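Residues per chain, in single letters:
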Amino acid sequence: MLKTFSIGGVHPHENKLSAHQPIVQAEIPAKAVILLSQHIGAPAKPIVAKGDVVKVGTKIAEPGGFVSAAIHSSVSGKVAKIDTIVDASGYAKPAVFIDVEGDEWEETIDRTDTLVKECNLTAEEIVKKIADAGIVGLGGACFPTQVKLCPPPAFKAECVIINAVECEPYLTADHQLMLEHAEEIMVGVSILMKAVKVNKAFIGIENNKPDAIQLMTKVAAGYAGIEVVPLKVQYPQGGEKQLIDAVISRQVAAGALPISTGAVVQNVGTAFAVYQAVQKNKPLFERVITVTGKSLSKPSNFLARIGTPMKQLIDACGGLPEDTGKIIGGGPMMGKALVNTDVPTAKGSSGILIMNDKEAKRGEAQPCIRCAKCVSACPMGLEPYLLATVSAHGDFERVEKEDVMSCIECGSCQFTCPSNRPLLDYIRLGKGKVGAMIRARQVKK
(Lines give C-alpha, C1' and ligand atoms only; values in the text may rest on other atoms or scores of the structure.)
Protein backbone atom coordinates (compact mmCIF):
# COMPACT_ATOMS: atom_id res chain seq x y z
CA MET A 1 0.00 0.00 0.00
CA LEU A 2 1.26 3.49 -0.84
CA LYS A 3 2.37 5.65 2.06
CA THR A 4 0.85 8.99 3.03
CA PHE A 5 0.55 11.17 6.15
CA SER A 6 -1.66 10.04 9.00
CA ILE A 7 -4.01 12.96 9.80
CA GLY A 8 -6.49 14.73 7.50
CA GLY A 9 -5.88 15.76 3.92
CA VAL A 10 -8.08 16.17 0.84
CA HIS A 11 -7.88 15.25 -2.85
CA PRO A 12 -8.80 18.24 -5.04
CA HIS A 13 -9.06 17.84 -8.82
CA GLU A 14 -5.48 17.70 -10.04
CA ASN A 15 -5.94 19.76 -13.25
CA LYS A 16 -2.30 19.27 -14.31
CA LEU A 17 -2.96 20.93 -17.67
CA SER A 18 0.71 21.73 -18.35
CA ALA A 19 2.01 18.23 -17.53
CA HIS A 20 4.68 17.06 -20.00
CA GLN A 21 5.02 20.52 -21.54
CA PRO A 22 8.80 20.90 -22.01
CA ILE A 23 10.50 23.67 -20.05
CA VAL A 24 10.80 26.69 -22.36
CA GLN A 25 13.32 29.49 -21.75
CA ALA A 26 11.19 32.61 -21.20
CA GLU A 27 12.24 35.78 -22.99
CA ILE A 28 14.46 38.14 -21.05
CA PRO A 29 12.40 41.14 -19.87
CA ALA A 30 13.17 44.67 -21.11
CA LYS A 31 13.12 45.81 -17.48
CA ALA A 32 13.70 43.51 -14.52
CA VAL A 33 12.34 44.32 -11.05
CA ILE A 34 14.19 42.27 -8.44
CA LEU A 35 12.60 42.25 -5.00
CA LEU A 36 14.87 42.57 -1.96
CA SER A 37 12.63 40.31 0.11
CA GLN A 38 12.26 36.96 -1.64
CA HIS A 39 12.67 34.80 1.44
CA ILE A 40 11.50 34.31 5.01
CA GLY A 41 13.45 36.56 7.39
CA ALA A 42 15.11 39.96 7.07
CA PRO A 43 15.07 41.63 3.63
CA ALA A 44 18.41 41.71 1.81
CA LYS A 45 20.39 44.97 1.83
CA PRO A 46 21.18 46.44 -1.60
CA ILE A 47 24.89 46.80 -2.47
CA VAL A 48 24.26 48.55 -5.80
CA ALA A 49 23.11 52.09 -6.56
CA LYS A 50 21.44 53.93 -9.43
CA GLY A 51 23.67 53.92 -12.51
CA ASP A 52 25.65 50.81 -11.56
CA VAL A 53 26.25 48.30 -14.36
CA VAL A 54 25.47 44.67 -13.51
CA LYS A 55 25.80 41.31 -15.27
CA VAL A 56 23.73 38.14 -15.03
CA GLY A 57 24.74 36.64 -11.68
CA THR A 58 26.14 39.83 -10.10
CA LYS A 59 25.33 40.00 -6.39
CA ILE A 60 23.11 43.06 -5.91
CA ALA A 61 22.05 42.58 -2.27
CA GLU A 62 23.54 40.96 0.83
CA PRO A 63 21.67 39.02 3.52
CA GLY A 64 20.13 41.39 6.07
CA GLY A 65 20.60 39.02 9.02
CA PHE A 66 21.16 35.38 10.01
CA VAL A 67 17.81 34.32 8.49
CA SER A 68 18.09 36.11 5.16
CA ALA A 69 19.46 35.45 1.66
CA ALA A 70 21.64 37.13 -0.93
CA ILE A 71 20.03 38.40 -4.15
CA HIS A 72 21.66 38.36 -7.58
CA SER A 73 20.86 40.12 -10.83
CA SER A 74 19.06 37.92 -13.35
CA VAL A 75 19.87 40.27 -16.23
CA SER A 76 22.68 42.47 -17.51
CA GLY A 77 22.25 46.22 -17.77
CA LYS A 78 22.08 49.33 -15.65
CA VAL A 79 20.41 49.90 -12.27
CA ALA A 80 17.63 52.43 -12.99
CA LYS A 81 16.54 52.96 -9.38
CA ILE A 82 15.89 51.34 -6.01
CA ASP A 83 12.20 51.85 -5.27
CA THR A 84 9.11 49.95 -4.16
CA ILE A 85 6.71 47.78 -6.16
CA VAL A 86 3.61 45.80 -5.20
CA ASP A 87 4.58 42.13 -4.92
CA ALA A 88 2.46 38.96 -5.01
CA SER A 89 1.28 39.57 -1.43
CA GLY A 90 -0.31 42.89 -2.46
CA TYR A 91 2.06 45.01 -0.36
CA ALA A 92 4.63 47.53 -1.62
CA LYS A 93 8.14 46.08 -1.16
CA PRO A 94 11.60 47.49 -1.92
CA ALA A 95 13.17 46.32 -5.18
CA VAL A 96 16.07 46.98 -7.55
CA PHE A 97 14.89 48.13 -11.00
CA ILE A 98 17.26 47.24 -13.85
CA ASP A 99 17.13 48.44 -17.48
CA VAL A 100 18.22 45.42 -19.51
CA GLU A 101 21.05 45.66 -22.05
CA GLY A 102 22.15 42.45 -23.78
CA ASP A 103 22.71 39.22 -21.82
CA GLU A 104 26.22 39.30 -20.39
CA TRP A 105 26.92 36.72 -17.66
CA GLU A 106 29.52 36.73 -14.88
CA GLU A 107 32.56 34.83 -16.23
CA THR A 108 32.69 32.57 -13.15
CA ILE A 109 29.43 30.78 -14.11
CA ASP A 110 29.88 27.48 -15.96
CA ARG A 111 27.22 27.63 -18.70
CA THR A 112 27.96 24.23 -20.26
CA ASP A 113 25.58 21.26 -19.99
CA THR A 114 28.38 18.91 -18.87
CA LEU A 115 27.32 16.93 -15.79
CA VAL A 116 29.75 17.50 -12.91
CA LYS A 117 29.34 14.62 -10.45
CA GLU A 118 32.38 14.92 -8.19
CA CYS A 119 32.19 17.35 -5.27
CA ASN A 120 35.36 17.56 -3.17
CA LEU A 121 34.22 20.41 -0.92
CA THR A 122 33.76 20.01 2.83
CA ALA A 123 30.29 20.33 4.39
CA GLU A 124 31.16 23.84 5.58
CA GLU A 125 32.38 24.90 2.11
CA ILE A 126 29.17 23.55 0.54
CA VAL A 127 26.98 25.53 2.98
CA LYS A 128 28.99 28.70 2.28
CA LYS A 129 28.60 28.25 -1.49
CA ILE A 130 24.84 27.73 -1.10
CA ALA A 131 24.61 30.89 1.04
CA ASP A 132 26.66 32.90 -1.48
CA ALA A 133 24.34 31.73 -4.28
CA GLY A 134 21.25 33.06 -2.44
CA ILE A 135 19.45 29.72 -2.47
CA VAL A 136 16.12 29.45 -0.62
CA GLY A 137 13.51 26.72 -0.41
CA LEU A 138 11.76 26.70 -3.79
CA GLY A 139 8.65 24.89 -2.57
CA GLY A 140 7.03 28.19 -1.58
CA ALA A 141 8.14 28.86 1.99
CA CYS A 142 11.46 30.35 0.76
CA PHE A 143 13.41 29.54 3.93
CA PRO A 144 17.12 30.36 3.39
CA THR A 145 18.71 27.00 2.59
CA GLN A 146 22.01 27.56 4.39
CA VAL A 147 20.12 28.10 7.70
CA LYS A 148 18.24 24.81 7.29
CA LEU A 149 21.49 22.97 6.61
CA CYS A 150 22.94 24.13 9.96
CA PRO A 151 20.50 22.79 12.59
CA PRO A 152 20.85 23.88 16.25
CA PRO A 153 23.53 21.88 18.14
CA ALA A 154 20.85 20.03 20.15
CA PHE A 155 19.63 18.28 16.97
CA LYS A 156 21.32 15.78 14.71
CA ALA A 157 20.27 15.16 11.12
CA GLU A 158 19.73 11.51 10.20
CA CYS A 159 18.41 11.84 6.65
CA VAL A 160 17.52 14.28 3.89
CA ILE A 161 13.96 14.17 2.51
CA ILE A 162 13.41 15.68 -0.93
CA ASN A 163 9.95 17.11 -1.54
CA ALA A 164 9.11 16.14 -5.12
CA VAL A 165 5.41 15.77 -4.28
CA GLU A 166 3.98 18.85 -6.05
CA CYS A 167 0.59 18.19 -4.42
CA GLU A 168 -0.82 21.64 -5.28
CA PRO A 169 -3.34 21.29 -8.16
CA TYR A 170 -2.38 22.70 -11.59
CA LEU A 171 1.37 23.07 -10.89
CA THR A 172 3.79 20.92 -12.93
CA ALA A 173 7.15 22.75 -12.64
CA ASP A 174 8.77 20.19 -10.30
CA HIS A 175 7.41 17.24 -12.32
CA GLN A 176 8.90 18.55 -15.57
CA LEU A 177 12.17 19.48 -13.84
CA MET A 178 12.56 15.84 -12.76
CA LEU A 179 11.88 14.56 -16.29
CA GLU A 180 14.48 16.90 -17.81
CA HIS A 181 17.16 17.12 -15.10
CA ALA A 182 17.11 13.90 -13.07
CA GLU A 183 20.91 13.46 -13.03
CA GLU A 184 21.61 17.02 -11.86
CA ILE A 185 18.97 16.64 -9.15
CA MET A 186 20.65 13.44 -7.89
CA VAL A 187 24.02 15.18 -7.69
CA GLY A 188 22.28 18.03 -5.82
CA VAL A 189 20.76 15.54 -3.37
CA SER A 190 24.21 13.94 -2.80
CA ILE A 191 25.65 17.41 -2.10
CA LEU A 192 22.84 18.14 0.39
CA MET A 193 23.57 14.79 2.12
CA LYS A 194 27.24 15.75 2.39
CA ALA A 195 26.33 19.22 3.72
CA VAL A 196 24.28 17.79 6.63
CA LYS A 197 26.62 14.79 7.08
CA VAL A 198 24.10 11.98 6.49
CA ASN A 199 24.26 8.93 4.23
CA LYS A 200 20.53 8.48 3.56
CA ALA A 201 18.11 10.49 1.41
CA PHE A 202 14.50 9.84 0.43
CA ILE A 203 12.77 11.46 -2.56
CA GLY A 204 8.99 11.55 -2.04
CA ILE A 205 6.98 11.59 -5.31
CA GLU A 206 3.20 11.21 -5.57
CA ASN A 207 2.06 8.34 -7.79
CA ASN A 208 0.26 10.65 -10.24
CA LYS A 209 3.76 11.11 -11.74
CA PRO A 210 4.63 7.50 -12.69
CA ASP A 211 7.12 8.59 -15.37
CA ALA A 212 9.04 10.73 -12.84
CA ILE A 213 9.01 7.88 -10.29
CA GLN A 214 10.36 5.45 -12.91
CA LEU A 215 13.08 7.79 -14.19
CA MET A 216 14.21 9.04 -10.77
CA THR A 217 14.33 5.45 -9.41
CA LYS A 218 16.48 4.38 -12.36
CA VAL A 219 18.88 7.34 -11.96
CA ALA A 220 18.99 7.02 -8.14
CA ALA A 221 20.37 3.47 -8.53
CA GLY A 222 23.71 5.05 -9.49
CA TYR A 223 23.92 7.14 -6.31
CA ALA A 224 24.66 5.74 -2.84
CA GLY A 225 21.97 6.12 -0.18
CA ILE A 226 19.24 7.76 -2.30
CA GLU A 227 15.83 6.08 -2.35
CA VAL A 228 12.69 7.15 -4.27
CA VAL A 229 9.50 6.76 -2.20
CA PRO A 230 6.22 6.65 -4.22
CA LEU A 231 3.39 8.25 -2.22
CA LYS A 232 -0.39 8.20 -2.39
CA VAL A 233 -1.88 11.38 -3.90
CA GLN A 234 -3.04 13.41 -0.91
CA TYR A 235 -3.01 17.18 -0.39
CA PRO A 236 -1.12 18.82 1.46
CA GLN A 237 1.58 16.14 1.33
CA GLY A 238 4.15 18.76 0.29
CA GLY A 239 3.86 20.34 3.76
CA GLU A 240 7.12 19.68 5.63
CA LYS A 241 5.49 17.96 8.62
CA GLN A 242 3.14 15.91 6.42
CA LEU A 243 5.99 14.76 4.17
CA ILE A 244 8.15 13.65 7.12
CA ASP A 245 5.16 11.68 8.45
CA ALA A 246 4.50 10.10 5.03
CA VAL A 247 8.11 9.14 4.27
CA ILE A 248 9.62 8.09 7.62
CA SER A 249 6.45 7.78 9.79
CA ARG A 250 7.65 10.30 12.38
CA GLN A 251 5.46 13.13 13.63
CA VAL A 252 6.73 16.63 14.43
CA ALA A 253 5.43 17.61 17.87
CA ALA A 254 3.44 20.87 18.18
CA GLY A 255 5.87 23.79 18.43
CA ALA A 256 8.90 21.60 17.60
CA LEU A 257 11.25 22.02 14.64
CA PRO A 258 11.04 19.44 11.81
CA ILE A 259 14.73 18.60 12.47
CA SER A 260 13.57 17.11 15.81
CA THR A 261 12.56 14.03 13.76
CA GLY A 262 16.09 13.77 12.33
CA ALA A 263 14.96 14.88 8.85
CA VAL A 264 16.14 17.86 6.79
CA VAL A 265 13.52 18.57 4.10
CA GLN A 266 14.40 20.30 0.82
CA ASN A 267 12.36 20.85 -2.34
CA VAL A 268 13.41 19.09 -5.54
CA GLY A 269 13.87 22.48 -7.24
CA THR A 270 16.17 23.49 -4.39
CA ALA A 271 18.26 20.33 -4.95
CA PHE A 272 18.65 21.31 -8.61
CA ALA A 273 19.61 24.89 -7.62
CA VAL A 274 22.17 23.46 -5.15
CA TYR A 275 23.74 21.42 -7.99
CA GLN A 276 23.97 24.54 -10.16
CA ALA A 277 25.41 26.67 -7.34
CA VAL A 278 27.99 24.20 -6.03
CA GLN A 279 29.05 22.53 -9.29
CA LYS A 280 28.50 25.36 -11.79
CA ASN A 281 28.97 28.53 -9.67
CA LYS A 282 25.50 29.65 -10.72
CA PRO A 283 23.54 31.80 -8.24
CA LEU A 284 19.76 31.46 -7.99
CA PHE A 285 18.45 33.99 -10.49
CA GLU A 286 15.99 31.92 -12.54
CA ARG A 287 13.49 29.15 -11.84
CA VAL A 288 10.87 26.95 -13.50
CA ILE A 289 7.36 28.44 -13.29
CA THR A 290 4.07 26.87 -14.42
CA VAL A 291 1.64 29.25 -16.16
CA THR A 292 -1.73 27.55 -16.46
CA GLY A 293 -5.52 27.77 -16.43
CA LYS A 294 -8.52 26.09 -18.07
CA SER A 295 -9.16 28.98 -20.46
CA LEU A 296 -5.51 29.68 -21.23
CA SER A 297 -4.66 28.80 -24.84
CA LYS A 298 -1.23 27.30 -24.06
CA PRO A 299 -0.49 26.20 -20.46
CA SER A 300 3.32 26.06 -20.17
CA ASN A 301 6.37 25.51 -17.99
CA PHE A 302 8.92 28.33 -18.29
CA LEU A 303 12.48 28.78 -17.09
CA ALA A 304 12.06 32.46 -16.21
CA ARG A 305 14.52 35.01 -14.91
CA ILE A 306 13.64 36.38 -11.46
CA GLY A 307 12.13 39.85 -11.86
CA THR A 308 10.24 39.08 -15.09
CA PRO A 309 6.77 40.71 -15.02
CA MET A 310 4.07 38.02 -14.75
CA LYS A 311 2.24 39.72 -17.62
CA GLN A 312 5.09 38.75 -19.96
CA LEU A 313 4.74 35.04 -19.07
CA ILE A 314 0.94 35.18 -19.44
CA ASP A 315 1.34 36.82 -22.87
CA ALA A 316 3.71 34.01 -23.89
CA CYS A 317 0.83 31.57 -23.21
CA GLY A 318 -1.53 33.42 -25.54
CA GLY A 319 -2.52 36.31 -23.25
CA LEU A 320 -5.25 36.74 -20.65
CA PRO A 321 -8.45 34.88 -21.61
CA GLU A 322 -11.62 36.99 -21.83
CA ASP A 323 -13.34 35.05 -19.06
CA THR A 324 -10.53 35.64 -16.52
CA GLY A 325 -11.95 35.93 -13.02
CA LYS A 326 -8.79 35.86 -10.92
CA ILE A 327 -5.04 35.59 -11.37
CA ILE A 328 -3.40 33.55 -8.63
CA GLY A 329 0.27 33.64 -7.70
CA GLY A 330 0.96 29.95 -6.93
CA GLY A 331 -1.66 27.20 -6.93
CA PRO A 332 -5.39 27.33 -6.11
CA MET A 333 -5.06 25.99 -2.55
CA MET A 334 -2.28 28.12 -1.06
CA GLY A 335 -1.75 30.80 -3.71
CA LYS A 336 -2.91 34.39 -3.37
CA ALA A 337 -4.86 36.51 -5.86
CA LEU A 338 -2.67 39.12 -7.57
CA VAL A 339 -3.64 42.79 -7.62
CA ASN A 340 -2.17 43.24 -11.11
CA THR A 341 -0.03 41.40 -13.69
CA ASP A 342 2.97 43.75 -13.35
CA VAL A 343 3.97 41.79 -10.24
CA PRO A 344 7.56 40.53 -10.78
CA THR A 345 8.40 36.84 -10.43
CA ALA A 346 10.44 35.97 -7.35
CA LYS A 347 12.34 32.94 -6.04
CA GLY A 348 9.11 31.61 -4.53
CA SER A 349 7.03 31.97 -7.72
CA SER A 350 6.10 28.37 -8.51
CA GLY A 351 3.13 29.15 -10.72
CA ILE A 352 0.65 31.62 -12.18
CA LEU A 353 -2.91 30.32 -12.36
CA ILE A 354 -5.56 32.05 -14.48
CA MET A 355 -8.97 31.17 -13.04
CA ASN A 356 -12.06 31.73 -15.17
CA ASP A 357 -15.13 33.58 -13.84
CA LYS A 358 -16.91 30.37 -12.91
CA GLU A 359 -14.00 28.90 -10.95
CA ALA A 360 -13.10 32.18 -9.27
CA LYS A 361 -16.59 32.85 -7.94
CA ARG A 362 -17.03 31.86 -4.33
CA GLY A 363 -20.26 30.23 -3.25
CA GLU A 364 -22.34 32.26 -0.81
CA ALA A 365 -21.43 31.47 2.81
CA GLN A 366 -24.13 29.60 4.72
CA PRO A 367 -24.43 28.83 8.45
CA CYS A 368 -22.14 26.10 9.80
CA ILE A 369 -24.02 22.77 9.89
CA ARG A 370 -21.62 21.18 12.42
CA CYS A 371 -20.63 18.42 9.99
CA ALA A 372 -16.99 18.47 11.21
CA LYS A 373 -15.64 17.89 7.68
CA CYS A 374 -13.12 20.67 8.29
CA VAL A 375 -11.88 18.87 11.43
CA SER A 376 -11.45 15.59 9.50
CA ALA A 377 -9.61 17.38 6.69
CA CYS A 378 -7.17 19.38 8.86
CA PRO A 379 -3.70 17.80 8.54
CA MET A 380 -2.61 19.48 11.78
CA GLY A 381 -5.44 18.06 13.90
CA LEU A 382 -6.95 21.48 14.63
CA GLU A 383 -10.60 22.58 14.79
CA PRO A 384 -10.89 25.04 11.90
CA TYR A 385 -14.59 25.92 12.48
CA LEU A 386 -13.69 27.00 16.03
CA LEU A 387 -10.56 28.96 15.07
CA ALA A 388 -12.48 30.80 12.33
CA THR A 389 -15.47 31.63 14.56
CA VAL A 390 -13.35 32.84 17.49
CA SER A 391 -11.19 34.91 15.09
CA ALA A 392 -14.32 36.47 13.58
CA HIS A 393 -15.40 37.48 17.09
CA GLY A 394 -11.99 39.03 17.82
CA ASP A 395 -11.14 36.81 20.81
CA PHE A 396 -7.49 36.41 19.89
CA GLU A 397 -6.35 35.14 23.31
CA ARG A 398 -8.68 32.17 22.78
CA VAL A 399 -7.45 31.80 19.19
CA GLU A 400 -3.91 31.50 20.53
CA LYS A 401 -5.00 28.97 23.16
CA GLU A 402 -6.60 26.84 20.43
CA ASP A 403 -3.16 26.60 18.75
CA VAL A 404 -3.74 28.74 15.64
CA MET A 405 0.03 29.06 15.12
CA SER A 406 0.18 25.36 14.18
CA CYS A 407 -2.04 26.05 11.13
CA ILE A 408 -0.09 25.63 7.86
CA GLU A 409 -2.72 27.59 5.86
CA CYS A 410 -3.22 24.71 3.42
CA GLY A 411 -6.90 25.55 2.83
CA SER A 412 -8.13 21.94 3.21
CA CYS A 413 -10.80 23.12 5.68
CA GLN A 414 -12.25 25.74 3.36
CA PHE A 415 -12.05 23.37 0.38
CA THR A 416 -14.11 20.73 2.16
CA CYS A 417 -16.72 23.01 3.81
CA PRO A 418 -20.21 22.36 2.33
CA SER A 419 -21.41 25.73 3.66
CA ASN A 420 -18.77 27.72 1.70
CA ARG A 421 -17.57 29.35 4.91
CA PRO A 422 -14.41 31.50 4.52
CA LEU A 423 -12.62 29.49 7.21
CA LEU A 424 -9.06 30.09 6.03
CA ASP A 425 -9.64 33.85 5.65
CA TYR A 426 -10.60 34.19 9.31
CA ILE A 427 -7.90 31.76 10.48
CA ARG A 428 -5.27 33.79 8.61
CA LEU A 429 -6.61 36.93 10.27
CA GLY A 430 -6.39 35.26 13.69
CA LYS A 431 -2.92 33.87 12.99
CA GLY A 432 -1.65 37.32 11.99
CA LYS A 433 -3.04 38.93 15.16
CA VAL A 434 -1.69 36.18 17.44
CA GLY A 435 1.73 36.37 15.75
CA ALA A 436 1.82 40.13 16.47
CA MET A 437 0.81 39.48 20.11
CA ILE A 438 3.61 36.92 20.53
CA ARG A 439 6.19 39.29 19.02
CA ALA A 440 5.01 42.13 21.28
CA ARG A 441 5.44 39.90 24.34
CA GLN A 442 8.96 38.95 23.27
CA VAL A 443 9.90 42.63 22.84
CA LYS A 444 8.70 43.37 26.40
CA LYS A 445 10.98 40.64 27.78
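As a reminder, the structure under discussion sits directly above these lines.
Each chain carries its own residue numbering, running from 1 in the written order of its sequence. pLDDT decides what is reported in this predicted model: residues at 70 or higher carry local features, side-chain atom pairs at 80 or more are listed and counted, and totals for whole chains, interfaces and linings draw on all residues regardless. Values shown for side chains rest on all heavy atoms present in the structure; no hydrogens or waters enter the calculation.

Enquirer: What exactly am I supposed to notice about the nonpolar core here?
Expert: What tends to happen in soluble globular proteins is that the nonpolar side chains get buried as a cluster. One finds Ile 185, Val 189, Ile 203, Met 216 and Ile 226 to be the most contacted residues of the largest nonpolar core, which totals 53 residues. Mapped onto this core, the elements with two or more residues apiece are α1 (123-132), β9 (159-163), α3 (173-195), β10 (201-206), α4 (210-220), β11 (226-231) and α6 (268-280). It is α3 that contributes the most residues to this core, twelve residues altogether. Listed in part, the 20 residues of the second largest apolar core include Val 229, Val 252, Ala 263 and Ala 377. Here, nonpolar core refers to any group of buried Ala, Val, Leu, Ile, Met, Phe, Trp, Tyr and Cys residues whose side-chain atoms link them within 4.5 Å. The classification of residues rests on relative accessible area computed with a 1.4 Å probe and restricted to protein chains. Under 20% of the type maximum is buried, over 50% is exposed, and intermediate values are partly exposed. The helix count covers DSSP runs of H or I at least four residues long, the strand count covers runs of E at least two residues long, and both are numbered beginning at the N terminus.

Enquirer: Explanation requested: empty space enclosed by the protein in the structure shown.
Expert: In this approach a probe as big as a water molecule rolls over the atoms, and the regions it shows empty are the leftover space. The distinction between a cavity and a pocket rests on a 1 Å grid over the protein atoms alone: a 1.4 Å probe fits inside a cavity but cannot get out, while a pocket stays open yet meets protein on both sides within 12 Å along at least five of seven lines, and a residue with an atom within 4 Å of a point counts as lining. Grid points are joined across faces, edges and corners, and a volume is the space filled by probe spheres set on the points. This structure, assessed with the given rule, holds two cavities of 30 Å³ or more. When its volume is computed, the largest cavity comes out at roughly 110 Å³. Every residue lining the largest cavity is counted, 15 residues in all, and those nearest its centre are Cys 378, Pro 384, Cys 407, Cys 410 and Cys 413. At the level of secondary structure, the elements contributing two or more residues to the lining of the largest cavity comprise α10 (384-392), α12 (412-416) and α13 (423-444). Of the residues belonging to the lining of the largest cavity, the class tally is twelve nonpolar, two polar and one charged. Here the second largest cavity is characterised by a volume of approximately 80 Å³. Around the second largest cavity, the lining comprises 14 residues; the ones closest to its centre are Pro 12, Glu 14, Cys 167, Glu 206 and Val 233. A breakdown of the residues in the lining of the second largest cavity according to their chemical character gives five nonpolar, four polar and five charged. The classification used treats Ala, Val, Leu, Ile, Met, Phe, Trp, Tyr, Cys and Pro as nonpolar, Asp, Glu, Lys and Arg as charged, and all other residues, Gly among them, as polar.

Enquirer: Teacher, can you tell me more about the environment of Lys 280 here?
Expert: Relative to the helices and strands, Lys 280 is located in helix α6. In the structure, Lys 280 is positioned 83 residues away from Lys 197 in sequence and 22 Å away in space, judged by C-alpha atoms.

Enquirer: Help me understand the pairing of strand β2 (residues 31-35) in this model?
Expert: A regular strand places its side chains so that they alternate between the two faces of the sheet. Most of β2 is tucked away, with four of its five residues classed as buried. For two strands to pair, DSSP has to find at least two bridges joining them. The pairing of β2 with strand β8 (residues 92-100) spans five bridges and is classified as antiparallel. Bridge pairing links Val 33 to Phe 97 in β8.

Enquirer: When you look at unusual backbone geometry in this model, what are you seeing that I'm missing?
Expert: Leaving glycine out, the prevailing phi sign among residues is negative, and the prevailing peptide bond configuration is trans. Of note, the amide linkage connecting Tyr 235 to Pro 236 takes the cis form, showing an omega dihedral of 0°. Inspection of the secondary structure puts Pro 236 in the loop between β11 and α5 (240-248). Phi at Asn 420 takes a positive value of approximately 55°, unusual for a residue other than glycine. Positionally, Asn 420 belongs in the loop between α12 and α13.

Enquirer: When you look at the pattern of salt bridges in this model, what are you seeing that I'm missing?
Expert: Pairing between side chains of opposite charge can happen when their charged atoms approach one another. By salt bridge we mean one thing: a side-chain nitrogen of Lys or Arg within 4 Å of a carboxyl oxygen of Asp or Glu. Taken as a whole and assessed by the stated rule, the structure comprises 21 salt bridges. Between Arg 398 and Glu 402 there is a salt bridge, and its shortest N-O distance comes to 3.0 Å. Looking at Arg 398, the relative accessible area reads 33%, which means it is partly exposed. Look at the salt bridges and you will find they share partners, linking Asp 103, Lys 282, Glu 286 and Arg 305 into a network.

Enquirer: Got a minute to help me understand α6 in this structure?
Expert: Since the α-helix advances by 3.6 residues per turn, residues separated by three or four positions end up pointing in the same direction. One less than the number of residues in a helix, times 1.5 Å, gives the span that helix is expected to have. Taking 1.5 Å per residue, 13 residues should reach 18 Å; α6 reaches 17 Å between its end C-alpha atoms and fits that length. Counting buried positions along α6 gives 13 out of 13 residues, so the element sits mostly inside the fold. Polar contacts, as used here, are pairs of N or O atoms within 3.5 Å; protein pairs need one atom able to donate a hydrogen and one able to accept it. Residues neighboring in sequence count only if both atoms are side-chain atoms. Its side-chain oxygen 2.6 Å from the backbone nitrogen of Gly 269, Asn 267 forms the N-cap of α6. Residue Asn 281 follows α6 closely and has a positive phi angle near 60°.

Enquirer: Explain the packing of α3 against α6 to me, please; I cannot follow it from the model alone.
Expert: Angle between the axes and distance between the axes are the two parameters that describe a pair of packed helices. Across the interface, α3 lies against α6 with an axial gap of 7 Å and an inter-helix angle of 60°. By the criterion of interaxial angle, the relationship of α3 to α6 is oblique. Considering how the two elements wind past one another, α3 and α6 form a crossing that is left-handed. Contact residues: Asp 174, Leu 177, Met 178, His 181, Glu 184, Ile 185, Val 187, Gly 188, Val 189, Ile 191 and Leu 192 in α3; Val 268, Gly 269, Ala 271, Phe 272, Val 274, Tyr 275, Val 278 and Gln 279 in α6. In the contact of α3 with α6, the residues fall into 13 nonpolar, four polar and two charged. Angles run from 0 to 180 degrees between N-to-C directions of axes, and those axes are lines fitted to C-alpha atoms, restricted for helices to the stretch in contact. Should an angle fall under 35 degrees it is called roughly parallel, over 145 degrees roughly antiparallel, and 65 to 115 degrees roughly perpendicular, with every other angle called oblique. It is the rotation of the near helix from the far one that decides the hand of a crossing: anticlockwise by less than a right angle makes it left-handed, clockwise makes it right-handed. Two residues qualify as a contact provided that any one of their heavy atoms is within 4.5 Å of a heavy atom in the partner residue.

Enquirer: Looking at this model, I keep getting lost on the sheet that holds strand β5 (residues 59-62). Mind explaining?
Expert: In spatial order, the strands read β3-β5-β6; together these three strands make up an open sheet with antiparallel pairing. Here the strands that pair on one side only, and so sit at the sheet edges, are β3 (45-46) and β6 (71-72). Where β3 and β5 come together, two bridges link them in antiparallel fashion. Within β5, the position partnered with Pro 46 by the bridge is Ala 61.

Enquirer: Hey, could you run me through the environment of Ser 376 in this one?
Expert: Tracing the backbone shows Ser 376 in helix α9 (residues 373-377). Considering only alpha carbons, one finds Ser 376 and Asp 103, 273 residues apart in sequence, at a separation of 52 Å. The contacts of Ser 376, once residues within four sequence positions are left out, are Gly 8 and Gly 9.

Enquirer: Looking at this structure, I do not really get the layout of surface pockets. What am I missing?
Expert: In this structure, the second largest pocket encloses a volume near 1,000 Å³. If you go around the second largest pocket, you meet 30 residues; those closest to its centre are Pro 332, Met 355, Glu 359, Arg 362 and Gln 414. Residue assignment for the lining of the second largest pocket shows that the elements contributing at least two residues are β15 (324-329), β16 (336-337), α8 (357-360), α12 and α13. Of all the elements, α13 adds the most residues to the lining of the second largest pocket, at three residues. Among the residues forming the lining of the second largest pocket, the class breakdown is 14 nonpolar, seven polar and nine charged. Each of domain 3 (286-358) and domain 4 (371-442) accounts for three or more of the residues forming the lining of the second largest pocket. Either an automatic procedure or a domain database provided the assignment from which the domain bounds are taken.

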